[in-house]
Amino acid sequence: MADILKEKGYRLAFRDGRLCITDRATGDRVCGIRFLGFELRELVKRLGRPIVVARGNTADGDILTKRPKP
């Protein structure tokens, strides 16, 4: 799923504590996944728990496609 979004110029990220689709170039929020008819709980069941890196002092974070090396 992440590869398809990347090809289209988008990515999944948390903005204000909500999972959404963002523009890869600008980081701007495009829409929330609830708008597309998905629930985070449902996606976690299907895809597994996301690996999230917190960004800034708000509830923002980027989702990684694989675990970083220490």
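Before going into details, it helps to say that this report is about the structure given with it. (Residues numbered from 1 in each chain as written. Predicted model: local features only at pLDDT ≥ 70, side-chain atom pairs only at ≥ 80, totals over all residues. Heavy atoms only, no water.)

**Let's talk about the sheet that holds strand S2 (residues 18-23)**
Formally: The pairing criterion is simple: DSSP has to find at least two bridges between the two strands. Helix and strand assignments follow DSSP, with helices taken as H or I runs no shorter than four residues and strands as E runs no shorter than two, numbered in order from the N terminus. Where helices are involved, their axes are fitted lines through C-alpha atoms of the stretch in contact, as for all axes, and angles between N-to-C directions lie from 0 to 180°.
If you trace the 5 strands from one edge of the open sheet to the other, you get S3-S2-S1-S5-S4, paired in antiparallel fashion. Here the strands that pair on one side only, and so sit at the sheet edges, are strand S3 (29-32) and strand S4 (51-55). When strand polarity is set aside, the average angle formed by the axes of neighbouring strands in this sheet is 35 degrees.

**Focus: the environment of Asp62**
Defined as follows: Throughout, a contact is declared for two residues whenever any of their heavy atoms are within 4.5 Å. Two N or O atoms form a polar contact when they lie within 3.5 Å of each other; inside protein one atom must be a possible hydrogen donor and the other a possible acceptor, and for residues adjacent in sequence the pair counts only when both atoms belong to side chains.
Residue position: Asp62 is located in strand S5 (residues 60-64). Taking the C-alpha atoms as reference points, Asp62 and Ile51, separated by 11 residues in sequence, lie 8.3 Å from one another. Ignoring sequence-local partners within four residues, the contact set of Asp62 consists of Arg11, Ala13, Arg15, Ile51, Val52, Val53 and Arg55. One polar contact links Asp62 to Arg55, side chain to side chain, over a distance of 2.7 Å.

**Re the side chain of Arg15**
This is how the line gets drawn: Only protein chains enter the accessibility calculation, which uses a 1.4 Å probe. A residue is then buried if its area is under 20% of the maximum for its type, exposed if over 50%, and partly exposed in between.
Mapped onto the secondary structure, Arg15 falls in strand S1 (residues 10-15). Judged by relative accessible area, which is 15%, Arg15 ranks as buried. Every residue in contact with Arg15, bar those within four places of it in the chain, is listed here: Cys20, Thr22, Gly27, Arg29, Ala59, Asp60, Gly61 and Asp62.

**Let's talk about the pairing of S3**
Two strands pair when backbone bridges link them, and S2 and S3 are joined in this way by 3 bridges, in the antiparallel orientation. What sits directly across from Cys20, in S3, is Gly32. Counting the residues in the hairpin turn of S2 and S3 gives 5 residues, including Gly27, whose phi is positive at 80 degrees.

By themselves these figures say nothing about function.
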